[in-house]
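# Inside the fold
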Amino acid sequence: MSYVHAGPAASTFRSRLLPAQGLSDRALAWLFVGPTVVLLLAFNIFPTIWTIWLSFTNFRANRPNLDSVWVGISNYQRVLNDEAIWENMRATAHFLCWSITLQLLLGFGLALLLNRRFRSHSFWSTAILLPMMLAPAVVGTFWKYFFEPQYGIFNYIINFFGGPGTFTMLGDTQLSPWAIVLVDTWMWTPYVMLLLLAGLRSIPPYLYEAAEIDRASAWTKFWRITLPMVMPFIILALLFRVIENFKMFDLVDQLTNGGPGSVTELSSIKLKREAFEKWRTGYASALAIIMFVSIYGLSLVTVRFLDKVKQR
């Protein structure tokens, strides 16, 4: 009895008919993606759903053994009718608008300067990025001592330039909101500069060469070439900073802790006090959901504006 070798074609045909040995591509993909999905559900999806449920109850975290009562939308009504919440929102809006405006202006100016590649360009690029490498809590503590009226350096600098004498930057109700704007601008302007510098470096050189041939002025080149080409990066920086500044907590908590009084009590500081000082967990959950919807709405508007700019 003789045996005939079937060849590679027959082997391939048999391998298609027989069940695959080992894991399939789909199973292998889920093997790698599965742990990430589990972590996402555990640390993002489930807490969000749990917070939504708590926002409709009178649950208190310091009394977990008591039965929670379903109160419907009363927590949301109390939040929206609370004048103190609207004062916190006003303080948040002040901090948000001024800090982001200053960061965009200063960041754009620094990006234009560093894009020229002057001598010691690398050194200054690295030095400017140092503030954003620090932890916000560390920055808040550092600037708190910097503004200290008795031994802080800030008063010495002000008096050196003929200032009014010793005054408390963080203890004044008029100056303390500007103090947190100043510190946040100092810390996160390098981040904005980095994004805008990437936008400037992405502009094709031939556009400027064509403008040179047409004898366009520096202002015309900036207004017709630089600004439109960098605009998507400006909107992207705006989006990132709006999201981060709206939920800013650790820097302000270490710097002023919401004081003096409540003039720097941002929405995030108010949320912490309601949840972990007054232990009104249901009320704090409703406030957290309202903040989430606000951030999502602002982000959605910014993203749609970014899409329109890209379509031009």
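None of the values given here were measured: they were computed from a predicted structure.

Time to look at helix H12 (residues 267–276). Extensive coverage of H12 is indicated by the burial of eight of its 10 residues. Those residues of H12 that are buried lie in contact with helix H4 (83–114), helix H11 (250–255) and helix H13 (281–311).

Attention now goes to the packing of H4 against helix H8 (residues 176–201). Relative to each other, H4 and H8 sit at 40 degrees, their axes nearing to 6 Å. Regarding the angle of H4 to H8, the classification is oblique. When you trace H4 past H8, the crossing you get is right-handed. In terms of residue class, the contact of H4 with H8 is built from 20 nonpolar, six polar and two charged.

To continue, consider the nonpolar core. If you look at the biggest cluster of nonpolar residues, it comprises 35 residues, and the most contacted ones within it are Val79, Phe108, Leu196, Val230 and Ile234. Only helix H3 (74–81), H4, helix H5 (121–129), H8, helix H10 (218–246) and H13 provide two or more residues apiece to this core. Counting residues per element, this core draws most heavily on H4, which supplies eight residues. If you look at the next biggest cluster of nonpolar residues, it comprises 21 residues, including Trp143, Ile180, Val183 and Leu251.

Tallied over the entire structure, the rule returns 21 aromatic pairs. Judged by centre distance (5.4 Å) and plane angle (20 degrees), the rings of Trp50 and Trp53 are stacked. Taken as a pair, Trp50 and Trp53 lie in helix H2 (residues 25–54) at a separation of three residues, close to a single helical turn. When its relative accessible area of 41% is taken as the criterion, Trp50 is described as partly exposed.

Here the amide bond leading from Gly259 into Pro260 is cis, since omega sits at -5 degrees, within 30 degrees of zero. Turning to its location among the elements, Pro260 is positioned in the loop between H11 and H12. One non-glycine residue, Arg215, lies in the positive phi region at around 60 degrees. Tracing the sequence through the fold places Arg215 in the loop between helix H9 (205–213) and H10. Phi is positive for Asn257, close to 55 degrees, though the residue is something other than glycine. Residue placement: Asn257 occurs in the loop between H11 and H12. Overall, the relative accessible area of 35% leaves Asn257 in the partly exposed class.

With their axes 9 Å apart at the nearest point, H8 and H10 run at an angle of 145 degrees to one another. For the pair H8 and H10, the sense of crossing is right-handed. Where H8 approaches H10, its residues Asp184, Trp188, Tyr191, Val192, Leu195, Leu196, Ala198, Gly199 and Leu200 are matched on the opposing element by Thr226, Val230, Phe233, Ile234, Ala237, Phe240, Arg241 and Asn245.

Quick look at the pattern of salt bridges now. For the structure shown, the criterion picks out 10 salt bridges. For Arg90, the salt bridge is made with Glu87, and the minimal N-O distance between the two is 3.3 Å. One end of the pair, Arg90, and the other, Glu87, are both in helix H4, three residues apart, so they sit about a helical turn from each other. Classification of Arg90 by relative accessible area gives partly exposed; the value is 47%. The partner of Lys272 in a salt bridge is Glu277, and the shortest N-O contact between them spans 3.1 Å. For Lys272, a relative accessible area of 17% gives the class buried. Each of Lys270, Glu274, Lys278 and Arg280 takes part in salt bridges that share partners, so that together they form one network.

Cut-offs and rules
Residues numbered from 1 in each chain as written. Predicted model: local features only at pLDDT ≥ 70, side-chain atom pairs only at ≥ 80, totals over all residues. Heavy atoms only, no water. Buried < 20%, exposed > 50% of the residue type's maximum accessible area, 1.4 Å probe, protein only. Helix = DSSP H or I, 4+ residues; strand = E, 2+ residues; numbered from the N terminus. Contact = heavy atoms within 4.5 Å. Axes fitted to C-alpha atoms, helices over the stretch in contact; angles between N-to-C directions. Parallel < 35°, antiparallel > 145°, perpendicular 65-115°, else oblique. Left-handed = near helix turned anticlockwise from the far one by under 90°. Nonpolar A, V, L, I, M, F, W, Y, C, P; charged D, E, K, R; others polar. Core = buried A, V, L, I, M, F, W, Y, C linked by side-chain atoms within 4.5 Å. Phe/Tyr/Trp six-rings, centres within 6.5 Å; stacked < 30°, edge-to-face > 60°. Salt bridge = Lys/Arg side-chain N within 4 Å of Asp/Glu carboxyl O.

Nothing here speaks to function; it is geometry throughout.
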